[in-house]
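Fold and contact review
Listed here are the chains, written in short residue letters.
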Amino acid sequence: GLMELVFFSFLHALLLTAFLILAYRYGSLFHIGTAITGLLWLFVFSFFRDPSRKIPLETNAVVSPADGTITHVEEVDDADFSGGRAFRISIFLSVFNVHVNRIPFDGQVMGVRYFPGRFLDARSSDCNRVNEQLWIDLATSQAGRWMRVKQISGAIARRIVCWLRPGEKVKKGDKLGMIKFGSRTDIYLPIETPREVLVKVGDKVRGGSTILLRFLDES
């Protein structure tokens, strides 16, 4: 978000100067414009914040890849998974949430795929099929298990950022990228994965620190 911060800071400086000159020459009414530009700059600065997070040490814990609100906890059809079914947890990120995405579990990146698409509202039931999105397939540190993280653009978000490369080893809580200005992040698991789900629809979660579920031993 550095380029956006530089651009909006420069734009804010120009507008602020203009409104101060207008207020000095024509009256204090133009200070309303000064206040509005200041609030907009603070919003942009807040959007690109990147707070530190305490990563849970539990070896079986899968953490949230994003800040936001849980919108789906369900089984869905997905031809890429065995039996054509997958378990999905979806997180909606409003423009007020932190938008840095994080790795949910230790492992190795198997693949990174980008798909162009539309920009429906990220809460729409169709957005996971038709919106612009990027998929990250992750082989977990637990043998034979894998998961998929989807970064999905929303109505306002127009750019997905991901820093990962296939073959890269990653740690739980590592930053993987972000989606700029409102979005959705999903996590998919094979339906047969033994798990204890710890969240429900409507819960607020924090990327890298909230535990979504725990892997269970298969014994």
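Keep in mind the model is a prediction, meaning the values are calculated, not measured. (Residues numbered from 1 in each chain as written. Predicted model: local features only at pLDDT ≥ 70, side-chain atom pairs only at ≥ 80, totals over all residues. Heavy atoms only, no water.)

Quick notes on the overall build of the protein chain
Selection rule: Helix numbering and strand numbering both begin at the N terminus, where a helix is a DSSP run of H or I of at least 4 residues and a strand a DSSP run of E of at least 2. For this analysis, residues touch if any pair of their heavy atoms sits within 4.5 Å. Each accessible area value is a Shrake-Rupley result obtained with a 1.4 Å probe; residue values ignore everything except the protein chains displayed when judging cover.
Regarding its fold elements, the protein chain presents three helices and 14 strands. Pairs at least 24 residues apart make up 71% of the contacts formed inside the protein chain by residues separated by at least 6 positions. Element-wise, carbon and sulfur atoms account for 61% of the exposed surface of the protein chain, whose accessible area totals about 11300 Å².

Notes on the nonpolar core
Heads up, the rule is: Think of a nonpolar core as a cluster: buried Ala, Val, Leu, Ile, Met, Phe, Trp, Tyr and Cys residues, connected wherever their side-chain atoms sit within 4.5 Å. Accessible area is worked out with a 1.4 Å probe on protein chains only. A residue is then buried under 20% of its type maximum, exposed over 50%, and partly exposed in between.
Counting residues in hydrophobic clusters, the biggest one holds 28 residues, and the most contacted among them are Ile89, Ile136, Met147 and Leu164. Those elements that place two or more of their residues in this core are strand E3 (85–93), strand E6 (133–140), strand E7 (146–153), strand E8 (159–162), strand E10 (175–180), strand E11 (183–190) and strand E14 (211–215). For this core, the leading source of residues is E3, giving four residues. The residues touching Ile89, leaving out its near neighbours within four places in the chain, are Ile70, His72, Val73, Thr185, Asp186, Ile187, Val199, Leu212 and Leu213. With five residues, the next largest nonpolar core counts Val76, Phe81, Ala86 and Trp146 among its residues.

A short note on the sheet that holds strand E13 (residues 204–205)
Quick reminder of the rule: In this analysis, strands are considered paired if DSSP registers two or more bridges between them.
Sheet architecture is open: eight strands sit in the order E9-E5-E6-E7-E11-E3-E2-E13, paired in antiparallel fashion. Where the open sheet ends on each side, the last strands, each with one partner, are strand E9 (169–170) and E13. Pairing of strand E5 (residues 107–115) with E6, which is carried by eight bridges, proceeds in the antiparallel orientation. Directly across from Val109, in E6, lies its bridge partner Leu138.

A word on the sheet that holds strand E4 (residues 100–102)
Note the threshold: Axis lines are fitted through C-alpha atoms, for helices just across the contact stretch, and the angle between N-to-C directions can take any value from 0 to 180 degrees.
Taken in spatial order, the three strands make up an open sheet running E4-E10-E8, and their pairing is antiparallel. For this open sheet the edge positions go to E4 and E8, each flanked by a neighbour on one side alone. Ignoring which end each strand starts from, the neighbouring axes of this sheet average 20° apart. Alignment of E4 against E10, held across three bridges, turns out to be antiparallel. Each bridged residue has a counterpart across the sheet, and for Arg102 the counterpart in E10 is Lys175.

Observations concerning the pattern of salt bridges
Formally: Note on definitions: salt bridges are taken to be side-chain nitrogens of Lys or Arg within 4 Å of carboxyl oxygens of Asp or Glu.
According to the stated counting rule, one finds 14 salt bridges in the structure shown. Here Arg102 and Asp50 are joined by a salt bridge, their closest N and O atoms 3.8 Å apart. Of this pair, Arg102 sits in strand E4 while Asp50 sits in the loop between helix H2 (31–47) and strand E1 (61–63), and the two are 52 residues apart along the sequence. The exposure class assigned to Asp50 is partly exposed, which follows from its relative accessible area of 38%. With a closest N to O distance of 3.8 Å, Glu196 and Arg214 form a salt bridge. Here the residue Glu196 occupies a position in strand E12 (residues 195–197), and Arg214 occupies one in strand E14, the gap between them amounting to 18 residues.

Quick word on the side chain of Gln133
Heads up, the rule is: Think of a polar contact as two N or O atoms within 3.5 Å of one another; within protein, one of them needs to be a possible hydrogen donor and the other a possible acceptor, and neighboring residues in sequence only count if both atoms come from side chains.
Tracing the backbone through its elements, the reader meets Gln133 in strand E6. A polar contact of 3.0 Å, which involves the side chain of Gln133, links it to the backbone oxygen of Asn131.

As for the packing of aromatic side chains
Going by this rule: Pairing of aromatic rings covers Phe, Tyr and Trp, the last counted by its six-membered ring, and requires centre-to-centre distances within 6.5 Å; plane angles under 30 degrees mean stacked, over 60 mean edge-to-face, and any other angle means tilted.
Enumeration over the complete set of coordinates arrives at four aromatic pairs. Seen in terms of ring centroids, Phe81 and Trp146 are 4.6 Å apart; in terms of plane orientation they differ by 10°. Their pairing is stacked. Of the two residues, Phe81 is situated in the loop between strand E2 (68–77) and E3 and Trp146 in strand E7; the sequence distance between them amounts to 65 residues. Exposure class is identical for Phe81 and Trp146. Each is buried. Note on Phe115 and Trp135: the rings are 4.5 Å apart at their centroids and 45° apart in plane angle, and the pair reads as tilted. With Phe115 in strand E5 and Trp135 in strand E6, this residue pair connects regions lying 20 residues apart in the sequence. Judged by relative accessible area, which is 13%, Trp135 ranks as buried. Linked through ring pairs, Phe81, Trp146 and Tyr188 together constitute an aromatic cluster.

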